[in-house]
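Each chain, letter by letter, is given below.
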4 protein chains.
Amino acid sequence: MICILKAGTTEAQKQMLIKWFEDQGLRVHEYEDENQTVLGLIGDTSGIDVEMLEMLENVERVAMISEPFKKANRKFHPEDSVIQVENAKIGGGEFAVIAGPCSVESEEQIIEVAKQVKAAGATMLRGGAFKPRTSPYDFQGLKDEGLKLLLEAKEATGLPIVTEIMNADHLPLFEDVDVIQVGARNMQNFELLKELGHTNKAILLKRGLANTIKELLMSAEYIMSGGNENIILCERGIRTFETYTRNTLDLSVIPVLHQLTHLPVVVDPSHATGHADLVAPMALAATAGGADGLMIEVHNDPAKALCDGAQSLTPDQFKAMMDKVRKIREVI
Amino acid sequence: MICILKAGTTEAQKQMLIKWFEDQGLRVHEYEDENQTVLGLIGDTSGIDVEMLEMLENVERVAMISEPFKKANRKFHPEDSVIQVENAKIGGGEFAVIAGPCSVESEEQIIEVAKQVKAAGATMLRGGAFKPRTSPYDFQGLKDEGLKLLLEAKEATGLPIVTEIMNADHLPLFEDVDVIQVGARNMQNFELLKELGHTNKAILLKRGLANTIKELLMSAEYIMSGGNENIILCERGIRTFETYTRNTLDLSVIPVLHQLTHLPVVVDPSHATGHADLVAPMALAATAGGADGLMIEVHNDPAKALCDGAQSLTPDQFKAMMDKVRKIREVI
Amino acid sequence: MICILKAGTTEAQKQMLIKWFEDQGLRVHEYEDENQTVLGLIGDTSGIDVEMLEMLENVERVAMISEPFKKANRKFHPEDSVIQVENAKIGGGEFAVIAGPCSVESEEQIIEVAKQVKAAGATMLRGGAFKPRTSPYDFQGLKDEGLKLLLEAKEATGLPIVTEIMNADHLPLFEDVDVIQVGARNMQNFELLKELGHTNKAILLKRGLANTIKELLMSAEYIMSGGNENIILCERGIRTFETYTRNTLDLSVIPVLHQLTHLPVVVDPSHATGHADLVAPMALAATAGGADGLMIEVHNDPAKALCDGAQSLTPDQFKAMMDKVRKIREVI
Amino acid sequence: MICILKAGTTEAQKQMLIKWFEDQGLRVHEYEDENQTVLGLIGDTSGIDVEMLEMLENVERVAMISEPFKKANRKFHPEDSVIQVENAKIGGGEFAVIAGPCSVESEEQIIEVAKQVKAAGATMLRGGAFKPRTSPYDFQGLKDEGLKLLLEAKEATGLPIVTEIMNADHLPLFEDVDVIQVGARNMQNFELLKELGHTNKAILLKRGLANTIKELLMSAEYIMSGGNENIILCERGIRTFETYTRNTLDLSVIPVLHQLTHLPVVVDPSHATGHADLVAPMALAATAGGADGLMIEVHNDPAKALCDGAQSLTPDQFKAMMDKVRKIREVI
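Residues numbered from 1 in each chain as written. Chains lettered and ligands numbered in written order. Predicted model: local features only at pLDDT ≥ 70, side-chain atom pairs only at ≥ 80, totals over all residues. Heavy atoms only, no water.

Engineer: Any details on the overall build of chain A? Residues and values, ideally.
Structural biologist: Across its full length, chain A carries ten helices and 14 strands. With respect to the principal axes defined by its C-alpha atoms, chain A has extents near 75 × 40 × 40 Å. For chain A, the residues scored as buried account for 63% of the 332 residues in total. A total accessible area of about 11900 Å² is found for chain A, and carbon and sulfur atoms account for 47% of it. (Helix = DSSP H or I, 4+ residues; strand = E, 2+ residues; numbered from the N terminus. Buried < 20%, exposed > 50% of the residue type's maximum accessible area, 1.4 Å probe, protein only. Areas by Shrake-Rupley, 256 points an atom, 1.4 Å probe, with all protein chains shown as cover.)

Engineer: Any details on the packing of helix H3 (residues 107–120) of chain A against helix H4 (residues 144–157) of chain A? Residues and values, ideally.
Structural biologist: All names here are of chain A. In contact at an axis separation of 9 Å, H3 and H4 are set at 40° when each is read in the N-to-C sense. When the axes of H3 and H4 are compared, the crossing they make is right-handed. Here Glu107, Ile110, Ile111, Ala114, Lys115 and Lys118 of H3 come into contact with H4, specifically with Leu149, Leu150, Glu152, Ala153, Ala156 and Thr157. Here the residues of the contact of H3 with H4 are counted per class, giving seven nonpolar, one polar and four charged. (Axes fitted to C-alpha atoms, helices over the stretch in contact; angles between N-to-C directions. Left-handed = near helix turned anticlockwise from the far one by under 90°. Contact = heavy atoms within 4.5 Å. Nonpolar A, V, L, I, M, F, W, Y, C, P; charged D, E, K, R; others polar.)

Engineer: So what's going on with the nonpolar core? Residues and values would help.
Structural biologist: Of all hydrophobic cores here, the largest spans 310 residues; its most connected members are Phe318 of chain A, Phe318 of chain B, Phe318 of chain C together with Phe318 of chain D. Ignoring anything within four residues of it in the chain, the contact list for Phe318 of chain B reads Val97, Ala99, Val117, Ala120, Ala122, Ile296, Val298 and Leu313 of chain B. (Core = buried A, V, L, I, M, F, W, Y, C linked by side-chain atoms within 4.5 Å.)

Engineer: Run through the sheet that holds strand S8 (residues 124–126) of chain D, naming residues and quoting values.
Structural biologist: All names here are of chain D. With respect to topology, eight strands assemble into a closed barrel ordered S7-S8-S9-S10-S11-S12-S13-S14, the strand pairing being parallel. Pairwise comparison of adjacent strand axes, ignoring direction, gives a mean angle of 25° for this sheet. Across the sheet, helix H4 (residues 144–157) is in contact with S8 and strand S9 (161–164); its angle to S9 comes to roughly 165°. (Pairing = 2+ DSSP bridges.)

Engineer: Summarise the interface of chain B and chain C; cite the residues concerned and give the values.
Structural biologist: Counting residues at the interface gives 38 residues for chain B, matched by 39 residues for chain C. For the pair chain B and chain C, the summed buried surface comes to about 3000 Å²; carbon and sulfur atoms form 76% of the total. Looking at the side of chain B facing chain C, the largest losses of area belong to Phe241, Tyr244 and Val331 of chain B, adding up to 21% of the total buried there. Counting the contacts that link chain B with chain C gives two salt bridges. Glu242 of chain B serves as the salt-bridge partner of Arg207 of chain C, at 2.9 Å between the closest nitrogen and oxygen. (Buried area = accessible area lost by both parts, 1.4 Å probe. Salt bridge = Lys/Arg side-chain N within 4 Å of Asp/Glu carboxyl O.)

Engineer: Tell me what's going on with the packing of helix H10 (residues 315–331) of chain B against helix H10 (residues 315–331) of chain C, and back it up with residues and numbers.
Structural biologist: At a minimum axis distance of 10 Å, the contact between H10 of chain B and H10 of chain C shows a crossing angle of 160°. Classified by the interaxial angle, the pair formed by H10 of chain B and H10 of chain C is roughly antiparallel. As H10 of chain B packs across H10 of chain C, the resulting crossing turns out to be right-handed. Facing H10 of chain B, whose interface residues are Lys324, Lys327, Ile328 and Val331 of chain B, H10 of chain C presents Lys324, Lys327, Ile328 and Val331 of chain C. For the contact of H10 of chain B with H10 of chain C, a count of residues per class yields four nonpolar, no polar and four charged. (Parallel < 35°, antiparallel > 145°, perpendicular 65-115°, else oblique.)

Engineer: I'd like a rundown of a negative patch on the surface, residues and numbers included.
Structural biologist: Residues Glu107, Glu108, Glu112, Asp144, Glu145, Glu152 and Glu155 of chain A make up a contiguous surface patch of negative charge. Its place among the elements puts Glu108 of chain A in helix H3. (Patch = residues over 30% accessible without salt bridge, like charges linked within 9 Å, V, L, I, M, F, W, Y side chains within 5 Å. Lys, Arg positive; Asp, Glu negative; His and termini not counted. Charge placed at Lys NZ, Arg CZ, Asp CG, Glu CD.)

Engineer: With reference to specific residues and values, describe the interface of chain B and chain D.
Structural biologist: Interface size is commonly expressed as the accessible surface area that is lost when the partners come together. Listed as interface residues are four residues of chain B and, on the opposing side, four residues of chain D. For chain B, the biggest contributors to the area lost against chain D are Arg239, Phe241 and Thr243 of chain B; these three give 90% of the whole. Connecting chain B to chain D are zero salt bridges. Counting every contact that joins chain B to chain D gives zero residue pairs in polar contact (both at pLDDT 80 or more). Considered class by class, the residues forming the side of chain B that touches chain D number one nonpolar, two polar and one charged. (Polar contact = N/O pair within 3.5 Å; in protein donor to acceptor, adjacent residues only side chain to side chain.)

Engineer: How would you explain the sheet that holds strand S13 (residues 265–267) of chain C if you had to name every residue and give the values?
Structural biologist: Residue and element names in this part refer to chain C. One closed barrel accounts for eight strands, arranged S7-S8-S9-S10-S11-S12-S13-S14; its pairing is parallel. Direction aside, the axes of adjacent strands within the sheet are offset by 25° on average. One ladder, built from three bridges, connects strand S9 (residues 161–164) with strand S10 (residues 179–182); its direction is parallel. Each residue of the ladder has a partner; that of Thr163, found in S10, is Ile180. Lying over the sheet, helix H4 (residues 144–157) contacts strand S8 (124–126) and S9, oriented at roughly 165° with respect to S9. Most of the contacts of H10 go to strand S14 (residues 293–297), to which it runs at about 165°, and overall it touches strand S7 (96–100) and S14.

Engineer: Describe the domain arrangement of chain A, naming the residues involved and giving the relevant values.
Structural biologist: Assigned domains within chain A: domain 1 (2–63) and domain 2 (83–331). Placing the centre of domain 1 of chain A and that of domain 2 of chain A at their C-alpha centroids yields a distance of 45 Å. (Domains from an automatic or database assignment.)

Engineer: So, the environment of Leu142 of chain A: which residues are in play, and what are the values?
Structural biologist: All names here are of chain A. On the secondary structure map, Leu142 appears in the loop between strand S8 (124–126) and H4. A residue is classified by how much of its surface remains accessible, and Leu142, at 27% relative accessible area, is partly exposed. Through-space distance from the C-alpha of Leu142 to that of Ser106 is 8.8 Å; in sequence the pair is 36 residues apart. Excluding residues within four positions of it along the chain, Leu142 makes contact with Val104, Glu105, Ser106, Ala129 and Leu149.

Engineer: A description of helix H5 (residues 190–197) of chain B should follow, citing residues and the corresponding values.
Structural biologist: With respect to burial, H5 of chain B is a largely interior element, six of its eight residues being buried. Taken as a whole, H5 of chain B has its buried residues at Phe190, Glu191, Leu192, Leu193, Leu196 and Gly197 of chain B.

Engineer: How would you summarise the UniProt feature "domain: DAHP synthetase I/KDSA" (unreviewed entry) in chain A if you had to cite specific residues and measurements?
Structural biologist: Here the UniProt feature "domain: DAHP synthetase I/KDSA" (unreviewed entry) sits at residues 87–327 of chain A. Secondary structure over residues 87–327 of chain A splits into 37% helix and 15% strand, and the C-alpha atoms at its two ends are 22 Å apart. (UniProt positions renumbered as here; feature names shortened; annotations may be inferred.)

Engineer: Requested: an account of the relation of the copies chain B and chain D, with residues and values cited.
Structural biologist: At an RMSD of 0.1 Å, chain B and chain D line up after a rotation of 180° and a shift of 0.0 Å along the axis. Seen this way, the second copy is the image of the first under a two-fold rotation axis. In terms of proximity to the rotation axis, the leading residue of chain B is Phe241 of chain B, whose C-alpha is 2.2 Å off the axis. Both copies contact each other with a shared surface, as 100% of the interface residues of chain B are interface residues in chain D too. (Least-squares fit on C-alpha atoms with pLDDT ≥ 70 in both.)

Engineer: Summarise the side chain of Asp268 of chain B; cite the residues concerned and give the values.
Structural biologist: Residue and element names in this part refer to chain B. Mapped onto the elements of the fold, Asp268 is located in the loop between strand S13 (265–267) and helix H8 (269–273). Side-chain polar atoms of Asp268 contact the backbone nitrogen of Ser270, separated by 2.9 Å. Sequence-distant contacts of Asp268, that is, excluding residues within four places in its chain, are made with Lys206, Cys234, Glu235, Arg236 and Met295.

Engineer: A description of a nonpolar patch on the surface should follow, citing residues and the corresponding values.
Structural biologist: All names here are of chain D. Residues Trp20, Met52 and Leu56 make up a contiguous nonpolar surface patch of about 230 Å² in total accessible area. Assignment of secondary structure puts Met52 in helix H2 (residues 50–55). Met52 sits in the partly exposed class, given a relative accessible area of 36%.

Engineer: Go over the side chain of Glu67 of chain B with me, naming the residues and quoting the values.
Structural biologist: Relative to the helices and strands, Glu67 of chain B resides in the loop between strand S4 (59–63) and strand S5 (83–85). The contact partners of Glu67 of chain B, leaving out residues within four places of it in the chain, are Asn73 and Lys75 of chain B together with Tyr244 of chain C.

Engineer: Describe helix H7 (residues 253–260) of chain A, and please don't skip the residues or the numbers.
Structural biologist: In terms of residue burial, H7 of chain A counts as a mostly covered element, since six of its eight residues are buried. Taken together, the buried positions of H7 of chain A are occupied by Val253, Ile254, Pro255, Val256, Leu257 and Leu260 of chain A. Here the buried face of H7 of chain A lies against helix H6 (213–225), strand S12 (231–235), strand S13 (265–267) and helix H9 (276–288) of chain A together with helix H9 (276–288) of chain D.

The following block contains the structure:
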């Protein structure tokens, strides 16, 4: 962190500031730059509130040198993290494919899709029981019942299950869920993140609609600071001005996150693009770009899906996509 | 869909119609508009034969409401809503000024600021007890203790209090809070919104970082569909590519929202701009643009504020701003 | 400018770098920060290519301390610039109202509108002769003929004229134009800006659809470095994810630009919002926010306008708006 | 609007229909599609009675083309366009790799890089002679001299050259350039596009910083309506709120554009990401996503590059990337 002082700061004022920093346990190194005095702060500056510092009468500006995320930072953990979920692994070279319908609709539907995606090579099953709907009048999911059906599908296929939690109060219901998903709209639901930090479940953390890479890592940091380090990051498209696609899939986060953090990164091209015919090309692109996994919506009858049918692949389309994904993986 | 009844429709005839709609699985919201009774229908109206409906003896006209928000829709409620909070009012010509520090820090601080903003013309006091911090390592607020101090400030000044809730589990602590604030990052925390819909507290709903006007109204709809119609909408800047300001304050939402909804709209130029010297100009702009109120951060010693000091006004700056705001109000 | 070196840089490598900087005429001040060596560069760093510097093997990162715009910078010119256009002035307390139709359509239309806006208090007349149309199949403007008609309107009313140039080749035709407008899509048409820098016409420079405040000032810098310092900056809305308005009007640029530059700032709420009923509220907001002027589209028959009728005010609406604008000006 | 003729329509009958359309002020573009003749109509078709048209003996069907782009529209030209540039091809299964330095700096540099990229598999050489620099104080390119050096490199290697034009006035200098590039900031420089429409050079049209897919196609339409149909579209990242990458590379445009238009689509991951270590992963992702080609910045000594060195690959890095690109192509 560096602290640039305003022109006209007196020696006495500067010394007062330096002493204040030293009282915080920091070492101060000062130099002059174009009539401005710059104080370089060395030490643990994580407890310093930058805005407060910038309000001081003599301070012109503060610039951060080090990232605010620590536990999630690759500098603190140089090896890739490999997240184990039953027999499936994600990260450190291990590729995961999480597939299933947007919502769990019935026993028949979820078991049927589970079998088909497993046959095509999926390593985990997704399905929504608690749905985040923008309108209070839309189908909100089967809830408890949906979780039970997912477990039945797990029994039938052996696929671990990934499903979204909307409220920390529901945690007891998620006992048998293998990976708890935090949806994009809850990426900064700090209370929920704190609670999840106290569990030891694997957490699939989706990037928010308009959250930066740094904010994504700070949300991971929230969970990790609570004690739970089993996090899978997920890119699902960000909000931009373009309207032809539902969101703008930002695949460059894959190599950026691999540099910044040791946590694995998966990509959800279904929610990102919003259109079934864009899913396979983007899944292949994500795989070629180095993703640690994919999350794909698959429904046996997309036209009748209770939500997001437009972006769901049929089992056949999923299978065709998986054949190509495997080949891309061999190249990478 | 709204169903406008002919003048002269009897009470009995109206009730029969309402019952018929309810039998279709619809909820009916009735209101008077310029001597006509209007029935607003909420639910799946796709099965209703509009022509048949218009043939009914008592029906003047049927209009489709294409917007997905109903209770929040001005077409359902043509008159401005005036939200009453103790002696303060917002909406329908009544202007509210909510002022106070970003966080409650101490008894002395909150009471001092409360007195100063009241003297300058504020109609409500804001202060954060539960703070949403992007980093788990930042000050998270005084919590319970913070709420108690806010109540002391209310006792000392008579100002109703506005403070943010982070978790529905905390609701019992908010018994004596006058206006419960939903922060930008929780605008689509649907579980929280549902719970707030079951209270009768006034809710100040902040627009999310990258949420559309339509999404803001759908979040209001979530709360209203739970039974609580006391909502104040708040524009606090949206996320764009520009980095000179913390967010981009979108003042055009004021006239847009006034067209779409009957709910009042306030503006928070403090969080929107992030810089104290931009707050007053934007507060004046918002007032001139027709806002129903302002939410301003004021701190007696911004340099020492525990959060967001950079955007806080001193009491003197706040007073100077209020003098101009009053004059702008006279013009509008 | 500061230059942060990678951990592991040897003494010899560091000295080589220091010598290289000194050969550039810079003074170097070095210090250690958390195991990193930081070199503070003092002097004219404007000739240094930051990206090149960041590519050097030992350089971790470079941070700018000073703004890249000089002539446009208030630090170089503390007094407000007042741009004189015939009898009208903009800046330094002088307020300009530029009004007129989107396109010049006929002699009758332009002279009629010119008279009406002048009567209502406009200080300059706008009208498009060369139109930038997104589709090659849309009306491209009356061109030469349009310019002639604008001059006739000037003769009839005394209003100086503001009109857009699309191509430096057309400059000879703009002899009698008082203010040459650079449209949003041409804000970074550097070749055009260079040419305009060689004229002494007042230039109205519109901010690009998605250009930052800094880029706007760099485009002004392009013109000023050519010798022409008569620049009026114009905010016309930026592109965001919101679709209810045509663009998002960013009024906070008014105080930000007033801090950064001495050039005057006007606001175009017509193109920003795209809807006539949002224009007046936003014009009042802009005026209250401290703008040095407004640019408003006015058409005597918006329904029949050849372009952008939806955002045009009728002369009566313009007059009503001007009455309120004057009152807001008295307060500010 | 397109008018599909019945099988068996004679030449004379077709000509009569075409003449009738032209008499309506429309331009007619005819093509064969699966044994049917289709007439694409360009112009104001609002006065045409669709039912009457469909009643004509030879007309099978009429389809409205809601998109404002016609010549660029796949509905007008169902087959992929293959752009031929000397011996290189792009589109319709043919993959192009355009590589070279950001700027042409010297004879030695450009010829050296040209040889290296050719050896690694590049099919065209890029290099900037006229550089668009955000600051008037930055290196603006070698201009004429730069073009001459590019031609020398072409002679030495046989690689066709791609270079950016900043101003239609420079067209005479571009006689021997094989592909003329329109930079992102000039995507809506309509005057330039009109001029380029009058040449028969291949045009590489870059998507603007914040331009939609539809606007990109309308800019292509500008060029095509002038008579030049040799257009290569290029995605180079869009502007969003994320700051870790220079722009946000939007790879989903590849399948979207392939649906909407017959023109080929290449991807520039260098300008999109701004960081050399993100280029290869994104190039692979683009290839896997179905791009018709790549445009990569390669410099023999990025640290000393006069511009954008941070995003340039060394020849070795480029070669390694090409090896993987070829393998991905085999899978796709």
